[in-house]
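# Fold and contact review
Here's the letter readout for the chains.
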Amino acid sequence: MRMKSFIASLKNFFEAFLRGELLMRMGVDRWFPHIAYTFMLFWVVLLVDIWVEGRLARLEKTREVLTSLQIYRSEKMVELVKFDRLGTVRKMLGERGSAVTVPEKPADRIPAKER
């Protein structure tokens, strides 16, 4: 007898589930707004998580680009420091056959009225 009632209860449960009456029978209908709010809150949390992940991925790409640009800038600064030495500049100009040399007298200043 006990097995028959269990099978009947199980069958009744399954039929109620298929018809959508299960939650009504359990008395969950009064908690439906809370359940819907929780469901919506989970979706919002998931969407925010996806948005943050995309943002961080873009940030990492940008950081890699900035790092490569800093390396490039450092290399150019090293080259500029080499050119800062007067002997290096004279040697380079001489190798290229330039007539430019170090000035022998100071530059002439033009007064502001004559400009």
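Residues numbered from 1 in each chain as written. Predicted model: local features only at pLDDT ≥ 70, side-chain atom pairs only at ≥ 80, totals over all residues. Heavy atoms only, no water.

## Considering the overall build of the chain
Along its length, the chain carries four helices and zero strands. The order of α-helices and β-strands along the chain, N terminus first, is α-α-α-α. With respect to the three principal axes, the spread of C-alpha positions in the chain is 120 × 40 × 15 Å. Buried positions account for 3% of the 115 residues belonging to the chain. With the model as given, the accessible surface of the chain reaches about 11700 Å², and the carbon-plus-sulfur share is 65%. Side-chain charges in the chain split into 21 positive and 14 negative, and the spacing between the mean points of these groups amounts to 4 Å. (Helix = DSSP H or I, 4+ residues; strand = E, 2+ residues; numbered from the N terminus. Buried < 20%, exposed > 50% of the residue type's maximum accessible area, 1.4 Å probe, protein only. Areas by Shrake-Rupley, 256 points an atom, 1.4 Å probe, with all protein chains shown as cover. Lys, Arg positive; Asp, Glu negative; His and termini not counted. Charge placed at Lys NZ, Arg CZ, Asp CG, Glu CD.)

## Observations regarding the pattern of salt bridges
Evaluation of the coordinates by the stated rule reveals two salt bridges. A salt bridge links glutamate 21 to arginine 19, with the nearest nitrogen and oxygen atoms 3.9 Å apart. Residue glutamate 60 is joined to arginine 63 by a salt bridge in which the shortest nitrogen-to-oxygen separation is 3.3 Å. One end of the pair, glutamate 60, and the other, arginine 63, are both in helix H3 (residues 32-83), three residues apart, so they sit about a helical turn from each other. (Salt bridge = Lys/Arg side-chain N within 4 Å of Asp/Glu carboxyl O.)

## Thoughts on the packing of aromatic side chains
Working definition: an aromatic ring pair is given by the centre-to-centre distance plus the angle between the planes. Following the criterion strictly, the structure yields one aromatic pair and no others. Ring geometry for phenylalanine 39 against tryptophan 43: centres 6.2 Å apart, planes inclined by 75°, an arrangement best described as edge-to-face. Linking phenylalanine 39 with tryptophan 43, this pair stays in helix H3, spanning four residues, or about one helical turn. (Phe/Tyr/Trp six-rings, centres within 6.5 Å; stacked < 30°, edge-to-face > 60°.)

## A short note on helix H1 (residues 2-19)
End to end, H1 covers 26 Å across 18 residues, agreeing with the expected 26 Å (1.5 Å per residue, within 8%). Within two residues after H1, glycine 20 carries a phi angle of roughly 85°, on the positive side. (Expected span 1.5 Å × (residues − 1).)

## Side note on a nonpolar patch on the surface
On the surface, Tyr37, Met40, Leu41, Val44, Val45, Val48, Trp51, Val52, Leu56 and Leu59 cluster together into a nonpolar patch covering about 940 Å² of accessible area. Residue placement: valine 45 occurs in helix H3. (Patch = residues over 30% accessible without salt bridge, like charges linked within 9 Å, V, L, I, M, F, W, Y side chains within 5 Å.)

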